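# Tertiary structure, described
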Amino acid sequence: MVHGMAAEQRPTGVRLIGRYGLLAFVAVITLFPVYTTVVAAFKPGNRVLVNPLVPDSFTLEPIMNAWSDGHLGRYLFNSLVVAGIVTVAQVVTSLLSAYAFAMLDFPGRQALFVAFLATLLVPLEATLVVNRRTVDSLGWLNSYPGLAVPFLATAFGTFLVRQAFLGVPGELRDAARIDGAGHLAFLRHVALPVIVPTLGALGLFSFLSAWNQYLWPNLITTESSMNTVQSGLALLRRSELDQPNLLMAGTVIAAVPIFAALLVFQKSLVRGLVSGAVKG
């Protein structure tokens, strides 16, 4: 009997070892570029190509030089402003539009929602020329509105939040209707607390997307004072060809806000994605 139970448990142990081995392999592949970047960022310039995978020397000079020579302080500020505007706007517009598609009954709702989702199939490159001309006609070149306004709404956010609204129990809607609560009262006091994790996940996605933008900022900015951090890294790469450690140091500086946001909102991200996938 004991031998039979051991024989039954052995495949489970093998499967666990295989799973953890696969996870470890994927983790190594994923984190290897991060490791090499950090090692190079803290090495002196004359040691970058000597044992590039071994942290055999350490200095803060590349970080300080990248900060000063690359003007990353200004570029980080620009990116924070733009990413903050886009994040808040996408959360608000997604919340309101998703509530309409999930909770309101109006003619053509399903067709309009399908058309709304169809915009996800349109690549960003297909709208660049039109958006650039529009921004130029409004006089928004080299400005925060020009960097942020084309991204104030997102169909993905509407879809994600709508899925979360569909998970709100119908009994809560009936009870609120009986108590005489209108749509805004129901949204604020009942539905919103339920979908907070989803809004946190959406906010994190929006922030990361806006922070990592490269093509659009380069298209509408001609003044260096309005460059975002990704454009600043490209300028640093072109100006410091003989010092690759400075580019790595700039990359580390630019990644700090991203890793900080991921650490702070990690639980909200997981909870939001899971709760948003409960009902379809």
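Up top you'll find the structure we're talking about.
These notes cover the structure that comes with them.

Rules used in this analysis
- Residues numbered from 1 in each chain as written.
- Predicted model: local features only at pLDDT ≥ 70, side-chain atom pairs only at ≥ 80, totals over all residues.
- Heavy atoms only, no water.
- Axes fitted to C-alpha atoms, helices over the stretch in contact; angles between N-to-C directions.
- Helix = DSSP H or I, 4+ residues; strand = E, 2+ residues; numbered from the N terminus.
- Parallel < 35°, antiparallel > 145°, perpendicular 65-115°, else oblique.
- Left-handed = near helix turned anticlockwise from the far one by under 90°.
- Contact = heavy atoms within 4.5 Å.
- Nonpolar A, V, L, I, M, F, W, Y, C, P; charged D, E, K, R; others polar.
- Phe/Tyr/Trp six-rings, centres within 6.5 Å; stacked < 30°, edge-to-face > 60°.
- Buried < 20%, exposed > 50% of the residue type's maximum accessible area, 1.4 Å probe, protein only.
- Lys NZ or Arg CZ within 6 Å of the ring centre and 35° of its normal.
- Core = buried A, V, L, I, M, F, W, Y, C linked by side-chain atoms within 4.5 Å.

## Some words on the packing of helix α3 (residues 72–103) against helix α4 (residues 109–118)
- The contact between α3 and α4 brings their axes to 10 Å, and the two run at 140°. When the axis of α3 is compared with that of α4, the two are oblique. Helix-helix and strand crossings are classified by hand; for α3 and α4 the assignment is left-handed. Of the residues in α4, those touching α3 at A100, F101 and A102 are R109, L112, F113 and F116.
- Split by residue class, the contact of α3 with α4 holds six nonpolar, no polar and one charged.

## Focus on the packing of aromatic side chains
- Taken as a whole and assessed by the stated rule, the structure comprises nine aromatic pairs.
- Centroid distance F156 to F205: 5.8 Å. Interplanar angle 90°. Geometry classified as edge-to-face. A residue pair is termed long-range when its members are at least 10 positions apart, and F156 in helix α7 (residues 155–166) and F205 in helix α10 (residues 196–211) qualify at 49 residues.
- The class for F156 is partly exposed, based on a relative accessible area of 34%.
- For F205, a relative accessible area of 34% gives the class partly exposed.
- Directly above the ring of F113 sits R162, whose terminal nitrogen or CZ lies 4.2 Å from the centroid.

## Some thoughts on the nonpolar core
- Residues A66, V86, F207, W211, W216, V229 and I253 are the most contacted members of the largest nonpolar core, which totals 34 residues.
- Elements with a contribution of two residues or more to this core: α2 (61–69), α3, α5 (128–137), α6 (144–148), α10, α11 (215–220), α12 (229–239) and α13 (244–264).
- What V86 contacts, discounting residues up to four positions off in sequence, is A148, F151 and A210.
- Among the nonpolar cores identified, the runner-up in size contains 18 residues, and A102, A176, L199 and L202 belong to it.

## Overview of unusual backbone geometry
- Even without glycine at this site, H71 takes up a positive phi of about 55°.
- By the secondary structure assignment, H71 is in the loop between α2 and α3.
- For N142, which is not glycine, the phi dihedral falls at a positive 55°.
- By relative accessible area, N142 is classed as buried at 18%.

Just distances and angles here, no functional claims.
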